[in-house]
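# Working through the structure, step by step
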Amino acid sequence: MSESIPNQRRSVGYRSRLMQTEAERRADTHPLTWRLRDDGEAVWLDEYLRKDGYQSVRKALSEGDPHAIIATMKEANVRGRGGAGFSAGLKWSLTLQGGDRPRGYLICNADEMEPGTFKDRLLMEQQPHLLIEGMILGALANNSRYGYIFLRGEYVEAARVLNRAIEEAREAGWLGPDINGSGFDFDIAVHTGAGRYICGEETALINSLEGKRANPRAKPPFPGQSGAWGKPSVVNNVETLCNVPAVILNGAGWYQGLSGDRTDDGGSKLYGCSGPVDNPGLWELPMGTTGMEILDRAGGLRDNRQLKAWLPGGASTGFLLPEHLELPLDFDTVGKEGSRLGTGLLTVVPDDMSMVSLMRNLEQFFARESCGWCTPCRDGLPWVVKLLQSLEQGQGEPGDIELLDKLAADCGPGLTFCAHAPGAAMPLQTALRHFRHEFEQGVGKPRGEAHQDPIPVGEV
Amino acid sequence: MAEPVATSQIIGSDGFELHPADETAILRELEHYEQPQAACIEALKIVQRRHGWVPDEAIPAIARVLGIGPGAVEGVATFYSLIFRQPVGRHVILVCDSSSCFLTGFDELKQALVDQLGIDYGETTNDSRFTLLPVCCLGACDGAPALMIDDDTYGPVTADDLPGLLEGYP
């Protein structure tokens, strides 16, 4: 088990790693990670080929039926691992193609910036060819002319590994014109960003790819209809694309079976855990694994602290309580509890942490990262931060908590162009629901005395 | 591509000239995209790699190479947090202030940086060695609290690690 990996963090240099050894991972149960090496070095082309790499593309090219790829993906119901959980197969079936339409783009969303999320980094740094293979399959299915990996600028090592792997794939004939003698051509470029969380929103990402400010676009038209440069474009998360090769090779039934009877969602998932736990890390586990099992693997809370609350999949998901640890972590179950699975990487909150302080930290993040396009987000979030700062210092006034309720509601789904504001609202609303007394304790001033200063927009 | 626009008269380029190698690198980027504006962010990063930051005078020069208006370049240059519009130190420290780091000692680490460097966010040490900036989740949460110095990611970092760590960046 995971305990067999010694804690090697003597130097403070950070290295991404999986907490499961090679002996624990098998091709039929760990499609995302079974090829990873215990030494954490990248799996380059030779080794990838030895471990059945590019077999899936070989199969798909020889069959030459893009509709079959989409049908298998739909049947497998691979749900988007960037956090939204939308069926990748369904998304692909909506891409406009054929007739005299131009071939479009296959864009990999590798802008991993959701606080508490560190899974795509591992896949890109240690197994670049799995992503490339998934992208080729995506390009086949969507008739994409060219692919982009939209990579956050801070992932320097991932950029280096991906660029070298793309070069390897090109030299071996897996990218470029006439892939493996099939007549299909497709190539990939790594496009690195320059900061800003909002780039992870798919239409903002497309604007950023086009060299513009990363403001979201109105939908419809959806990217599959009109995306990058007006061409049909598909945007999929790294982990989603890394699932594709095994699904195409082994079939939808096998994929559905990976999660057993835990959940209706199929497949495996890169789950993780961070915060004040003994062994923070990443594990590939069946979809529908419980929070309890993940927290156990992480060794529980440090220093004998108790669990107060947890975020199931990043800063934009809602707080869950210890009683929710028994639930299978899949998209629908977590959704029913007023939260979202999100990225599936748990953030653990200990009992000695003030929820008001933690919310202040989270909302400072959302306020700073707002692109400024929509009013509730641009002006509402700094206001939320100011109110939380007052409450944190015991300087809030009566009505502040109701005002937080209202500001959060104003950021709800459908009131802004993208999901940034709803993502900022969800942790706040769940914190106010579960821990309202902590916020009430921050009310220390009579009405009308606390908020004389203007909202410090841009300085939160 | 659009005809180059004589933008230098509009904004005043103050004689800023792109390094020929940078111009070549920017032109090479164009190969990846349907339209030249897409290379805008990379062009800004190329200029920043040489100068450490992107001075105002570089904006019309980049616009000319790309064949787009300077406003489009300026709009992008002021949006992205990793494009620096004022001089920075020889090394830039990006401190992750997101939730997992916040839960595992960010406050102490940030305070230690402020104490040891004598600067706060957005400031540069007097010897132009370090600039301190916040950054959103570095995706190193299993190594929280984390920070980056230039291209290197570190974590978990304690206040005690800092002197030794900073020594590596003269």
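Residues numbered from 1 in each chain as written. Chains lettered and ligands numbered in written order. Predicted model: local features only at pLDDT ≥ 70, side-chain atom pairs only at ≥ 80, totals over all residues. Heavy atoms only, no water.

### So, the sheet that holds strand S3 (residues 187–192) of chain A
Residues and elements named next belong to chain A. Taken in spatial order, the four strands make up an open sheet running S3-S2-S1-S4, and their pairing is parallel. Each edge of the open sheet carries a strand with a single partner, namely S3 and strand S4 (233–237). Taken over all neighbouring pairs, the strand axes of this sheet differ in orientation by 20° on average, direction set aside. Sheet topology places strand S2 (residues 144–151) next to S3; six bridges connect them, and they run parallel. Bridge pairing in S3 links Tyr146 to Asp187. Along the sheet, helix H6 (residues 128–142) makes contact with strand S1 (104–110), S2, S3 and S4, crossing S2 at roughly 140°. (Pairing = 2+ DSSP bridges. Helix = DSSP H or I, 4+ residues; strand = E, 2+ residues; numbered from the N terminus. Axes fitted to C-alpha atoms, helices over the stretch in contact; angles between N-to-C directions. Contact = heavy atoms within 4.5 Å.)

### Observations regarding the domain arrangement of chain A
Residue and element names in this part refer to chain A. Each assigned domain of chain A is listed here: domain 1 (22–257), domain 2 (276–350) and domain 3 (355–440). Computed over C-alpha atoms, the centres of domain 2 and domain 3 are 22 Å apart. Here domain 2 and domain 3 share an interface that buries about 1,100 Å² over both sides, 75% of which is from carbon and sulfur atoms. The largest per-residue losses of area from domain 2 upon contact with domain 3 belong to Lys308, Ala315 and Phe319, which jointly make up 51% of the total buried on that side. Taking the shortest distance from any N to any O, the salt bridge between Glu438 and Lys308 comes out at 2.6 Å. Connecting domain 2 to domain 3 are two residue pairs in polar contact (both at pLDDT 80 or more). (Domains from an automatic or database assignment. Buried area = accessible area lost by both parts, 1.4 Å probe. Salt bridge = Lys/Arg side-chain N within 4 Å of Asp/Glu carboxyl O. Polar contact = N/O pair within 3.5 Å; in protein donor to acceptor, adjacent residues only side chain to side chain.)

### Things to note about the nonpolar core
With 191 residues, the main nonpolar core has Leu131(A), Ile149(A), Leu151(A), Phe186(A), Phe319(A), Phe439(A) and Leu44(B) as its most contacted residues. Looking at which element gives the most residues to this core, the answer is H6(A), with nine residues. With residues up to four places along the chain from it excluded, the contact list for Leu131(A) reads Cys108(A), Met124(A), Ile149(A), Leu162(A), Val238(A), Leu241(A) and Cys242(A). Core analysis: the next-biggest nonpolar cluster, separate from the first, contains 21 residues, Tyr271(A), Met287(A), Ile294(A) and Val348(A) among them. (Core = buried A, V, L, I, M, F, W, Y, C linked by side-chain atoms within 4.5 Å. Buried < 20%, exposed > 50% of the residue type's maximum accessible area, 1.4 Å probe, protein only.)

### Let's talk about the environment of Ala252(A)
Residues and elements named next belong to chain A. Residue position: Ala252 is located in helix H10 (residues 252–257). Take Ala252: its relative accessible area is 7%, and that puts it in the buried class. Ala252 sits 173 residues away from Arg79 along the chain, and the two C-alpha atoms are 13 Å apart.

### Comments concerning the sheet that holds strand S8 (residues 345–350) of chain A
All names here are of chain A. One open sheet accounts for four strands, arranged S6-S5-S8-S7; its pairing is mixed. The outermost strands of the open sheet, each flanked by one partner alone, are strand S6 (281–286) and strand S7 (307–311). The average angle at which neighbouring strand axes cross in this sheet is 30°, direction not considered. The sheet contact formed by strand S5 (residues 268–274) and S8 spans three bridges and is parallel. Within S8, the position partnered with Gly272 by the bridge is Leu345.

### Digging into unusual backbone geometry
Residues and elements named next belong to chain A. Here the residue pair Pro220 and Pro221 is connected by a cis peptide bond, since its omega of 0° sits within 30 degrees of zero. Residue Asp303 is not a glycine yet carries a positive backbone phi of 55°. In this fold, Asp303 is placed in the loop between helix H11 (291–297) and S7. Exposure remark for Asp303: the relative accessible area of 64% places this residue in the exposed category.

### Thoughts on the pairing of S7(A)
All names here are of chain A. Most of S7 sits out of view: five of its five residues are buried. Pairing geometry for S7 and S8, over four bridges, is antiparallel. When the sheet's bridge partners are listed, Leu307 is paired in S8 with Pro350.

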